Amino acid sequence: MVIKSKKINLYGKDTDPSTGVSNSYPTSQYALSQPCLAYIVGVRNSGKSYTCSKLVSQAQKENTFDRIYMITPSFLSNVSYFGKFVDSEDVYEPTKDSIQKVIDSVEQDRDDFEIYLQEKKDYDFFTSVMKQKRDLTDREIIEFSAKGFLGDDPVPPPKWKYKKVRVPQSLVILDDILSSPAVLQSSGLTRIATLNRHIAPLSEPYGDRSACGLAVMILSQTYSMPQGISRTLRENLTHMIIFKNKQEKMMEKVKEEIGSVVDEDKFMEAYKMATREKHGNLLVDFNPKCPTMRFRKNLNELLIFEDDAKECNCH
C-alpha cells in the first residue's frame, strides 16, 4: 500500500504558541534535571537512603536547593545521611497535613522573595534619586520617609535570606511513609505529583521562572501496594531508581507502566546489568537531557545502547 502526503497551507509556524518559561532549576550536564519527581524503590537495607543522600550531596555541591524538607518517622535513624542538609525545623512526621505544611513553607518563601524584590526596587530608586543631588519632591519625601530611608542613620540595602538571589529552589524527601496518613489521607501528595514544577506560582515571571516549584524524592520498599504510592504519581515520575527485586510480578508491573516511555527490552537489559552486584541500582531518566543519559548504574555510570549513542546530542 502506497501512502502519499501533501502539505496544506494551515497550522504553520505563524500559529506556533509563544515559548513559555521552563521553571527548571539550573543543573550541570550530568546532574538530574530539577525540580524532579523521583521514586527510589528497594527492599529494606538495599541502600535507598545512601543513594538518596548522594543525590542530595551532589545537588548541594552545585547549590541546587535553598531549602530541603523531609517527611519521615525515622529521621534520627538517617541523620548521618541527611542531617547536614536538613534543618530540624524542616523535618515533619508523616501526618495528613505534613505535605501541605511543606507547600505552605514553599509559598512563604515565595512571598518573602517577592517582598525582597519590591524592597530592592524601592531602595534602588531611592539611591538613584539621591545620586541626582537635587531637592526631593513632596511625594518623594513622603514615600522615602514611610520606608525609613530619611532617618539619621544610613539605610543598608535589603538582603536576601539565602545564598543566591533567585526564585527559591526547594526539595522534599518522603521516606518511610507507606500506609501513613501522609499517603492515605493527604490530598497534597497528588498535588505535588502532578504540579510539583508549578508549586508556589509567582505574581509575575522572574527570569525563566513563573513558580518556585518543589523537587520531590520518594523512598519506598515496594513499587506498588494498595496503601502505597498511587499510579497517578508513578506515571508522572521524572526519574526512578530501582534496586534488585526478585518478585517477577512487581517487575512486570514496572515494565507495564514505563513501557510507553522506555523500551522494555532496553530497560530489562540495563536493569540486569546495574543490579548484578550487591546494592547495585538502575536509574531511569524519563526525560533525559540526551538519549545517552537514559540509564545509569549506581548514579555515576551511564549505560549507553548503540542506537542511543547515534542520537547523542551532548557530544
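First, a word on what this report is: a plain description of the structure on this page. Owing to the predicted nature of the structure, the values given are computational and were not obtained by experimental measurement.

### Topic: the sheet that holds strand E11 (residues 301–303)
Spatial ordering of the open sheet is given by E3-E2-E4-E7-E1-E8-E9-E10-E11, a layout of nine strands whose pairing is mixed. Edge positions in the sheet fall to strand E3 (91–92) and E11, since each of these pairs with one other strand and no more. Sheet topology places strand E9 (residues 281–285) next to strand E10 (residues 295–297); three bridges connect them, and they run antiparallel. Paired with leucine 282 across the strands is lysine 297, a residue of E10.

### Focus: the pattern of salt bridges
One pass over the full model with this rule turns up 20 salt bridges. A salt bridge links glutamate 107 to arginine 191; the shortest N-O distance between them is 3.5 Å. Of this pair, glutamate 107 sits in helix H3 (residues 98–131) while arginine 191 sits in helix H6 (residues 188–195), placing them 84 residues apart in sequence. The partner of glutamate 257 in a salt bridge is arginine 231, with the nearest N and O atoms 3.8 Å apart. Taken together, the residues glutamate 257 in helix H8 (residues 248–258) and arginine 231 in helix H7 (residues 231–234) connect sequence positions 26 residues apart.

### Looking at a nonpolar patch on the surface
Side chains of Ile8, Leu10 and Tyr11 sit close together on the surface and give an oily, nonpolar patch of about 410 Å² of accessible area. Considering the arrangement of structural elements, one finds leucine 10 in the segment before strand E1 (37–41). A relative accessible area of 54% places leucine 10 in the exposed class.

### Description of helix H9 (residues 264–274)
Those residues of H9 that fall on the buried side of the exposure criterion are Lys266, Phe267, Met268, Ala270, Tyr271 and Ala274. For H9, the capping residue at the N-terminal end is aspartate 263, with a side-chain oxygen 3.0 Å from the backbone nitrogen of aspartate 265.

### With respect to unusual backbone geometry
Here the residue pair glutamine 34 and proline 35 is connected by a cis peptide bond, since its omega of 0° sits within 30 degrees of zero. Tracing the chain through its elements places proline 35 in the segment before E1. Here aspartate 176, not a glycine, exhibits a phi torsion of approximately 65°, which is positive. Relative to the helices and strands, aspartate 176 is located in the loop between strand E4 (170–175) and helix H5 (181–184).

### Structural notes on the environment of glycine 12
Among the structural elements, glycine 12 can be located in the segment before E1. For glycine 12, a relative accessible area of 27% corresponds to the partly exposed category. Between the alpha carbons of glycine 12 and isoleucine 241 there is a distance of 40 Å; along the sequence they are 229 residues apart.

### Digging into the nonpolar core
Residues Leu174, Phe267, Leu282 and Phe295 are the most contacted members of the largest nonpolar core, which totals 51 residues. Looking at which element gives the most residues to this core, the answer is H3, with six residues. When sequence neighbours within four positions are dropped, the list of residues in contact with leucine 174 reads Ile71, Ile99, Leu189, Val216, Met217, Ile218 and Leu219. Formed by 25 residues, the second largest nonpolar core is a distinct cluster that contains Cys36, Ala38, Met70 and Ile173.

### Notes on the packing of H3 against H6
The contact between H3 and H6 brings their axes to 8 Å, and the two run at 50°. Classified by the interaxial angle, the pair formed by H3 and H6 is oblique. For the crossing formed where H3 meets H6, the hand is left-handed. Counted together, Ile99, Gln100, Ile103 and Glu107 of H3 and Gly188, Leu189, Arg191 and Ile192 of H6 form the full contact between these two elements. Considered class by class, the residues forming the contact of H3 with H6 number four nonpolar, two polar and two charged.

### Looking at the pairing of strand E7 (residues 215–220)
Of all six residues making up E7, six are buried, and the element is well covered by its neighbours. Along E7, one buried face is formed by Ala215, Met217 and Leu219 and the opposite face, lined by Val216, Ile218 and Ser220, is buried too. One ladder, built from five bridges, connects E1 with E7; its direction is parallel. Considered in E7, the bridge of tyrosine 39 is made with isoleucine 218. In this sheet, E7 lies alongside E4 in parallel orientation, the contact comprising five bridges. Residue pairing for E7: leucine 174 is matched across the bridge by isoleucine 218.

### So, the packing of aromatic side chains
Here the structure, examined in full by the defined rule, presents 16 aromatic pairs. Both rings, one in phenylalanine 113 and one in tyrosine 206, keep their centres 5.2 Å apart while their planes meet at 90°; by these two values the pair is edge-to-face. Taken together, the residues span a long stretch of sequence, with phenylalanine 113 in helix H3 and tyrosine 206 in strand E5 (residues 201–206) at a distance of 93 residues. Residue phenylalanine 113 is classed as buried on the basis of its relative accessible area, which comes to 1%.

Reading the values: the criteria
- Residues numbered from 1 in each chain as written.
- Predicted model: local features only at pLDDT ≥ 70, side-chain atom pairs only at ≥ 80, totals over all residues.
- Heavy atoms only, no water.
- Pairing = 2+ DSSP bridges.
- Helix = DSSP H or I, 4+ residues; strand = E, 2+ residues; numbered from the N terminus.
- Salt bridge = Lys/Arg side-chain N within 4 Å of Asp/Glu carboxyl O.
- Patch = residues over 30% accessible without salt bridge, like charges linked within 9 Å, V, L, I, M, F, W, Y side chains within 5 Å.
- Areas by Shrake-Rupley, 256 points an atom, 1.4 Å probe, with all protein chains shown as cover.
- Buried < 20%, exposed > 50% of the residue type's maximum accessible area, 1.4 Å probe, protein only.
- Polar contact = N/O pair within 3.5 Å; in protein donor to acceptor, adjacent residues only side chain to side chain.
- Core = buried A, V, L, I, M, F, W, Y, C linked by side-chain atoms within 4.5 Å.
- Contact = heavy atoms within 4.5 Å.
- Axes fitted to C-alpha atoms, helices over the stretch in contact; angles between N-to-C directions.
- Parallel < 35°, antiparallel > 145°, perpendicular 65-115°, else oblique.
- Left-handed = near helix turned anticlockwise from the far one by under 90°.
- Nonpolar A, V, L, I, M, F, W, Y, C, P; charged D, E, K, R; others polar.
- Phe/Tyr/Trp six-rings, centres within 6.5 Å; stacked < 30°, edge-to-face > 60°.

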